[in-house]
Amino acid sequence: MSPKHSRPRKAELFYSPLAHSQLEKIDTVEQASAIERARGALEARPDIGELRPDGLRDYRDEDSGVRMIYFLTIRNTIIVVAYLEVD
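My aim in this report is to walk through the structure given alongside it, one point at a time. Being a predicted model, the structure only gives us computed values, none of them experimental.

**Examining the pattern of salt bridges**
Here comes step 1: Under the criterion given, the structure shown has four salt bridges.
Here comes step 2: Between R39 and E43 there is a salt bridge, with its nearest N and O atoms 3.1 Å apart. Taken as a pair, R39 and E43 lie in helix α2 (residues 29-44) at a separation of four residues, close to a single helical turn.

See the structure below:
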């Protein structure tokens, strides 16, 4: 019997109230698209952000100007974005 091959499970991403209010200020399609690309990158690889001394992770995509500060739950299955910005 051959082993089952499946894609790795993506993490789920949620926004804190502060990050959610920052999302509401997005006013261009380019900014919304950049945030969606960053979200997809984090869901695929939750550990992509640089670990800060306070335990949060800082993900920056210099090409799109997106920055997300977030934390992970145990097993990296849930991402909570505490802060986000986009140029």
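**Re the sheet that holds strand β1 (residues 12-15)**
Across a sheet, strands are paired by hydrogen bonds formed along the backbone, either parallel or antiparallel in direction.
Here comes step 1: Strand order in the open sheet formed by five strands is β1-β5-β4-β3-β2, with mixed pairing between adjacent strands. Two strands close off the open sheet at either side, each with one partner strand: β1 and β2 (50-51).
Here comes step 2: Pairing of β1 with strand β5 (residues 78-86), which is carried by four bridges, proceeds in the parallel orientation. Bridge pairing in β5 links L13 to I79.
Here comes step 3: Sheet contacts for helix α1 (residues 17-24): β1 and β5; angle to β5, the most-contacted strand, approximately 45°.
Here comes step 4: Sitting on the sheet, α2 is in contact with β1, β3 (57-61), β4 (66-72) and β5, with an inclination near 35° to β4.

**As for the nonpolar core**
Here comes step 1: Core analysis: the largest hydrophobic core is formed by 16 residues, its most contacted members being Y15, M68 and V81.
Here comes step 2: Those elements that place two or more of their residues in this core are β1, α2, β4 and β5.
Here comes step 3: Apart from residues lying up to four places away in sequence, V81 is in contact with L13, F14, Y15, S16, A19, M68, I69 and Y70.

What counts, and where the lines are drawn
Residues numbered from 1 in each chain as written. Predicted model: local features only at pLDDT ≥ 70, side-chain atom pairs only at ≥ 80, totals over all residues. Heavy atoms only, no water. Salt bridge = Lys/Arg side-chain N within 4 Å of Asp/Glu carboxyl O. Helix = DSSP H or I, 4+ residues; strand = E, 2+ residues; numbered from the N terminus. Pairing = 2+ DSSP bridges. Contact = heavy atoms within 4.5 Å. Axes fitted to C-alpha atoms, helices over the stretch in contact; angles between N-to-C directions. Core = buried A, V, L, I, M, F, W, Y, C linked by side-chain atoms within 4.5 Å. Buried < 20%, exposed > 50% of the residue type's maximum accessible area, 1.4 Å probe, protein only.

So, to be careful, I would describe these as geometric facts and stop short of saying anything about function.
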